[in-house]
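Structure at a glance
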Amino acid sequence: MNSVKHFPVGCITEVYEYKDYFWVIEKSFQVWPDEGGPTERVALAGSLPVPCTSKDIGDVCIKALLNFNSQKPPYKPWELTELRKLFCSWVGVKNWNSFYKNARYVWVIGDNLGKVEIIPVDNCNLFPYETGINDSAIYVDNGFDSEGLGRGIFKAFKYATNHPDRKK
């Protein structure tokens, strides 16, 4: 049965596709526990093999959105080396550059009305920096279920780009 999910204000999660897995990352506001401002990665919500079911990826993303801002970022925003090492430990890579150049991803943004926007990310193909491809965003209205959210995520990944230096 569908029901409206009331997500925390400003909640966002990232879903990466890297080496035949989806990696769902929990986030919190950098100035924790305040609400508002930039966000930081704080935990691995889960990983799933590619392919997986839309319900499975939807379940993990809903969990990550509901847990948004539930824990303090372990490092300050300027401690980029430490933040990247932590992230790499979650996905099992040795260095950030390898991950960055070989992953593609989407942003999943929920609101307190239960709606979700899924934005595919351009990984330095259209512009020399990462940016959301807003005109390809997928919207999931309130009352959705895990499977509906997962279908939206899979659809958004069709527009997400790989880095131009990706290993083939």
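First, a word on what this report is: a plain description of the structure on this page.

So, how was this worked out
- Residues numbered from 1 in each chain as written.
- Predicted model: local features only at pLDDT ≥ 70, side-chain atom pairs only at ≥ 80, totals over all residues.
- Heavy atoms only, no water.
- Helix = DSSP H or I, 4+ residues; strand = E, 2+ residues; numbered from the N terminus.
- Rg over C-alpha atoms; globule rule 2.2 N^0.38 Å.
- Contact = heavy atoms within 4.5 Å.
- Areas by Shrake-Rupley, 256 points an atom, 1.4 Å probe, with all protein chains shown as cover.
- Lys, Arg positive; Asp, Glu negative; His and termini not counted.
- Charge placed at Lys NZ, Arg CZ, Asp CG, Glu CD.
- Buried < 20%, exposed > 50% of the residue type's maximum accessible area, 1.4 Å probe, protein only.
- Salt bridge = Lys/Arg side-chain N within 4 Å of Asp/Glu carboxyl O.
- Patch = residues over 30% accessible without salt bridge, like charges linked within 9 Å, V, L, I, M, F, W, Y side chains within 5 Å.

**A short note on the overall build of the protein**
Counting its secondary structure elements, the protein contains four helices and seven strands. Helices (α) and strands (β) of the protein occur, in sequence order from the N terminus, as β-β-β-α-α-α-β-β-β-β-α. Relative to the compact-globule value of 15 Å for 168 residues, the protein shows a C-alpha radius of gyration of 15 Å, a close match. Along the first, second and third principal axes, the C-alpha set of the protein runs to 40 × 35 × 30 Å. For the protein, the proportion of contacts with a sequence separation of at least 24, taken over those separated by at least 6, is 65%. Looking at the protein as shown, the accessible area adds up to about 8,800 Å², and 51% of this sits on carbon and sulfur atoms. Positive and negative side-chain charges in the protein, numbering 20 and 20 respectively, have mean positions lying 6 Å apart.

**Structural notes on the side chain of Glu26**
Mapped onto the elements of the fold, Glu26 is located in strand 2 (residues 21-29). Among buried charged residues, Glu26 stands out as having no salt bridge; its nearest opposite-charge side chain is Lys63, 4.9 Å away. If we skip the residues at most four places from it in the chain, Glu26 touches Thr13, Glu40, Arg41, Val42, Ala43, Ala45, Lys63, Ala64, Asn67, Ser70 and Gln71.

**Overview of a nonpolar patch on the surface**
Among the surface-exposed residues, Leu126, Phe127 and Tyr129 lie close enough to one another that they form a single nonpolar patch of about 330 Å² accessible area. Structurally, Phe127 can be placed in the loop between strand 5 (116-123) and strand 6 (130-132). With a relative accessible area of 40%, Phe127 lands in the partly exposed category.

**Examining the environment of Gly58**
Among the structural elements, Gly58 can be located in helix 1 (residues 54-66). Gly58 sits 93 residues away from Arg151 along the chain, and the two C-alpha atoms are 8.0 Å apart. Setting aside residues no more than four positions away along its own chain, Gly58 makes contact with Ser146, Leu149 and Gly150.

Such coordinate-based values are descriptive only and should not be taken to indicate function.
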